[in-house]
Amino acid sequence: MSKENVLKKASLADLIFRAIFVIFSILTVGITIHAYQLSINTINEEVKRNLQQTSSLVTNFLNHRLAILQIRQDTDAGSLGLQDGENTDRIRSLEHYFSDIEARSPYNSPDFRFIEVENTLYWNDGNNLFLGLGEQDLQGILDKNIHINTWHYMMIDKALPQAHILIRKTPIVASFTGKVRGHLYNAAILNNNISFVHDLKTVSNSQEVLIVNNSNIIASSIKKETEEFNRIKRIISESDLLSPNKIINSTDIDIKSLNGKLSILTLKNKKNIEILEQRFIYSVVLSFCVLIAIAVLIRGLFERKIVLALNSLLKYADDVSKKNSDTQYQGSGILEFDNIGHKLEETFIELIEAKEESYKAQAAAEKSTQVKSDFLARMSHEIRTPLNGILGISSLLKQSDLTVEQRKQIAILHQGGEHLLAVLNDVLDFSQIEQDKLNISCEPFKLSDVLETINAIYTPLCTEKGIKFIIHNKIDESALINSDKVRLTQILFNLLSNAVKFTESGNVKLMLSLKINNNQVILYIDVEDTGIGMNQKEQVLIFEPFIQAESIEIRRVGGSGLGLAIVKQLLKLLNGKISVQSKSGRGSVFYVQVPVAVIETVDTSIESQSNTYESLLPTGLNVLLIEDNKSNAYIAKAYCQKYGLSVDWQISAQNGINQLLESSFDLILMDNQMPGMSGIEATKYIRDVLKLNTPIYAYTADVLKESNEEFLMAGANYVITKPIKEKSILDALVFYKLQCGN
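A brief structural summary. Computed from a prediction, not measured in an experiment: that's the story for all the values here.

The parallel open sheet is built from five strands, whose spatial order is β20-β19-β21-β22-β23. With one partner strand each, in any of the chains shown, β20 (646-650) and β23 (718-721) form the two edges of the open sheet. Ignoring strand direction, the axes of neighbouring strands in this sheet form an average angle of 20 degrees. In the sheet, strand β19 (residues 622-626) pairs with strand β21 (residues 667-670) via four bridges, with the strands oriented parallel.

Below is the structure:
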């Protein structure tokens, strides 16, 4: 391995302090950034507040100026007199009056004023001529008929140059009669009003001030035709009040306008703000450097002591890991590390003891599991061997000539054997499920074939008990179901066996249907009975293994208590589910749902399986039966001879091998557990030493999957499980005919 591929390692202490240093640095940077952002926000808020203050100053100044003019105008309108008489509607000494007012208070006087009577220009002070406004322009203002006592902004296009004015109209009332004799107009010029602009500049504390109408500059403190004026004009025309070196604030004038929006722009330098930001950045960088320096200093001060304490802990842990159980922790000068070390010492002692106990417990558990498996295998073999004799002999006797009483006795004997076999199968199936050794094997099959078998078995059983057995099948008989036929059949058998077992009158009903749910084909199976039923407490327990309800009726019937537990586990393997509805004394309904696949095209190879056994059975075979149990040998021999087979029986594997050396056979039936040489060992010997290809069918009471696989791996072609039944022999012979063609 190259050096580049070697992972660089570091001590625990170094990693801890690196982590502390990184975290401290991140916190420092985070706090600094937060402080910077907070300060920037503060600066921005201050700028915003300053702009709002500027707008307030501009607005207040303008309002104050207009208020002074308004007061002057109202006073003048009230002081003017109109005489009634020969010289009607003449105003006395107007020029003298207003000249005297302007002399005493020029600041409170408007830029120009005029009077109208009956919507006709009556008098003007002549100042309008200096502003480029003639009498026709004043008459144009009168024609606009503006509201009384309200300031208006208007633009006079005909004036040379174009005039922008603020104007207010107030009535002149005769003091004796109260009659409105005319109206006094006061006006303030906006365009090129240098005095007004500079007053705004001073009041707002701004570098420059501009008065704008609809993005057009009408007055400015900046000299025209300068570079700065043109740049500001361009910014205003683009409606983008952003400048790289100026803060531009726009204040809208709240005056009734006849010619669009009127605003006052103030310009301030950004230099002070930029200087403030730079100083803050410098202070942030300096603070960050100071914090980093402090972090490094703290790391250096504390690292030595902590590293020493950690190294002491690590050395102790390393010594203990080398199984040096006598090692003791020497302690530390740091209280926390000293406590940790002593706790570790206690923990390590407990772990060593626990580890030893764990090894012992694991060995005991493995031994117990092996003993359990061996016990189940042996007990299965030992029970199935005599059970094979009981069921085989009773089956043969049922086919012989017997009296009615004898047939009843044989039937009772056979049913007892079948019940014992069912209990044994339940125990073995549950054991395989517990050990995850039960596999699901899906293949296409006709559900109608399964129902025929079920009908053939349960109809006589129900008839014998005096109850009805009903099958409602809503599935097409020719449809192929892709699922595990064996396990699905086992589920049906267990549910129906329970239903028949606990029903004394009425009926047992099996209902089947296919439905599509979320693009998945579901096989629905309902098993309904009119039996003893269950209460709610019993329904909770029935799917638990080795548990039966406590009612006297259920105890009277008996059973292993595994049937429904096995059904639930099998459905779990098939991704299905089961539920129950029941009432005590009124029967039960079990609802099963199993996901399946439906194959529409019928496979001819599957259809061919419906042919009768007679056309598929081989004839004239010489069979070598190797079996140490006489009753089992008798039964197997009787079944084989029934179908025209010649059987040579040998009591041990060695005798069977000797017979093969002398004679040839078409088929070998081989038991497994025999004295001396087992059936598996004999099969290996026949294949490896004798080099014979004669078909070997295992004939064994070992039903565990491992035993059957071991038999097949040794060279067996087929496995027949005890207790042997006539159908098992027929299936084996059909398999022989299909494989060998005889």
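Having put the structure on the table, let's press on.
Think of two packed helices as two axes; the pair is described by the angle between the axes and how far apart they sit. Viewed as axis vectors pointing N to C, helix α11 (residues 485-501) and helix α14 (residues 563-573) meet at an angle of 150 degrees, and their least axial separation amounts to 9 Å. Viewed along their axes, α11 and α14 adopt a mutual orientation that is roughly antiparallel. Once α11 is placed against α14, the crossing between them reads as left-handed. Along the contact surface, α11 presents R487, Q490, I491, N494, L495 and N498, while α14 presents G563, L564, I566, V567, L570 and L571. A per-class count over the contact of α11 with α14 returns seven nonpolar, four polar and one charged.

This part is about a negative patch on the surface. Where like charges cluster on the molecular surface, the negative patch consists of E346, E350, E353, E356 and E357. Within the secondary structure layout, E346 lies in helix α8 (residues 335-398).

Scanning the model with the defined rule gives one cavity of 30 Å³ or more in all. By volume, the largest cavity amounts to about 50 Å³. In terms of lining residues, the largest cavity is bounded by C640, L645, L667, L669, Y697, I720, I729, A732 and L733. Put simply, the parts of the chain that give the lining of the largest cavity at least two residues each are β21 and α20 (726-740). Its residues placed into classes, the lining of the largest cavity shows nine nonpolar, no polar and no charged.

Note on placement: S678 falls in the loop between β21 and α18 (679-688). Those residues in contact with S678 that sit more than four places away from it in its chain are A653 and N672.

The next point concerns α20. Given a rise of 1.5 Å per residue, 15 residues ought to cover 21 Å, and the 21 Å separating the end C-alpha atoms of α20 matches this to within 8%. Taken as a whole, α20 has its buried residues at E726, I729, L730, A732, L733, V734 and Y736. For α20, the elements touching its buried residues are α16 (630-642), β21, β22 (696-700) and β23.

This next bit is on a nonpolar patch on the surface. On the surface, I23, L27 and I31 cluster together into a nonpolar patch covering about 320 Å² of accessible area. Topologically, I31 is positioned in helix α1 (residues 12-79).

Our next topic: the packing of α18 against helix α19 (residues 705-714). Axis separation between α18 and α19 bottoms out at 8 Å; the angle between their running directions is 15 degrees. Regarding the angle of α18 to α19, the classification is roughly parallel. Where α18 crosses over α19, the handedness of that crossing is left-handed. Two secondary-structure elements touch here, α18 through G679, I680, T683, K684 and R687 and α19 through S707, E710, F711 and A714. The class makeup of the residues in the contact of α18 with α19 is three nonpolar, three polar and three charged.

Attention now moves to the packing of aromatic side chains. Considering all chains together, one arrives at eight aromatic pairs under this definition. Ring geometry for F112 against F114: centres 6.3 Å apart, planes inclined by 15 degrees, an arrangement best described as stacked. With a relative accessible area of 0%, F112 lands in the buried category. Through successive ring pairs, a cluster of aromatic residues spans F112, F114 and Y185. One Lys or Arg, K515, reaches over the ring of Y524 and ends 5.3 Å from the middle of that ring.

What follows deals with the pattern of salt bridges. Close approach of charged atoms allows side chains with opposite charge to pair. Across all of its chains, the model carries five salt bridges by this definition. The residue D252 makes a salt bridge to K261 at a minimum N-O spacing of 3.4 Å. By relative accessible area, D252 is classed as partly exposed at 46%. Residue classification places K261 among the partly exposed residues on the basis of a relative accessible area of 49%.

Before going further, it helps to spend a moment on the side chain of D671. Checked against the element boundaries, D671 lands in the loop between β21 and α18. Relative accessible area serves as the criterion here: at 1%, D671 is assigned to the buried category. Setting aside anything within four residues of it in sequence, one finds D671 in contact with I626, E627, D628, G679, Y699, T700, F711 and K722.

Here the focus is the environment of D731. Here D731 lies in helix α20. For D731, a relative accessible area of 24% corresponds to the partly exposed category. Remark: the alpha-carbon pair of D731 and L617, spanning 114 residues in sequence, is separated by 9.0 Å.

What counts and how
- Residues numbered from 1 in each chain as written.
- Predicted model: local features only at pLDDT ≥ 70, side-chain atom pairs only at ≥ 80, totals over all residues.
- Heavy atoms only, no water.
- Pairing = 2+ DSSP bridges.
- Helix = DSSP H or I, 4+ residues; strand = E, 2+ residues; numbered from the N terminus.
- Axes fitted to C-alpha atoms, helices over the stretch in contact; angles between N-to-C directions.
- Parallel < 35°, antiparallel > 145°, perpendicular 65-115°, else oblique.
- Left-handed = near helix turned anticlockwise from the far one by under 90°.
- Contact = heavy atoms within 4.5 Å.
- Nonpolar A, V, L, I, M, F, W, Y, C, P; charged D, E, K, R; others polar.
- Patch = residues over 30% accessible without salt bridge, like charges linked within 9 Å, V, L, I, M, F, W, Y side chains within 5 Å.
- Areas by Shrake-Rupley, 256 points an atom, 1.4 Å probe, with all protein chains shown as cover.
- Salt bridge = Lys/Arg side-chain N within 4 Å of Asp/Glu carboxyl O.
- Lys, Arg positive; Asp, Glu negative; His and termini not counted.
- Charge placed at Lys NZ, Arg CZ, Asp CG, Glu CD.
- 1 Å grid on protein atoms, 1.4 Å probe; cavity = no way out; pocket = protein on both sides within 12 Å on 5 of 7 lines; lining within 4 Å.
- Points joined across faces, edges and corners; volume = space filled by probe spheres on them.
- Expected span 1.5 Å × (residues − 1).
- Buried < 20%, exposed > 50% of the residue type's maximum accessible area, 1.4 Å probe, protein only.
- Phe/Tyr/Trp six-rings, centres within 6.5 Å; stacked < 30°, edge-to-face > 60°.
- Lys NZ or Arg CZ within 6 Å of the ring centre and 35° of its normal.

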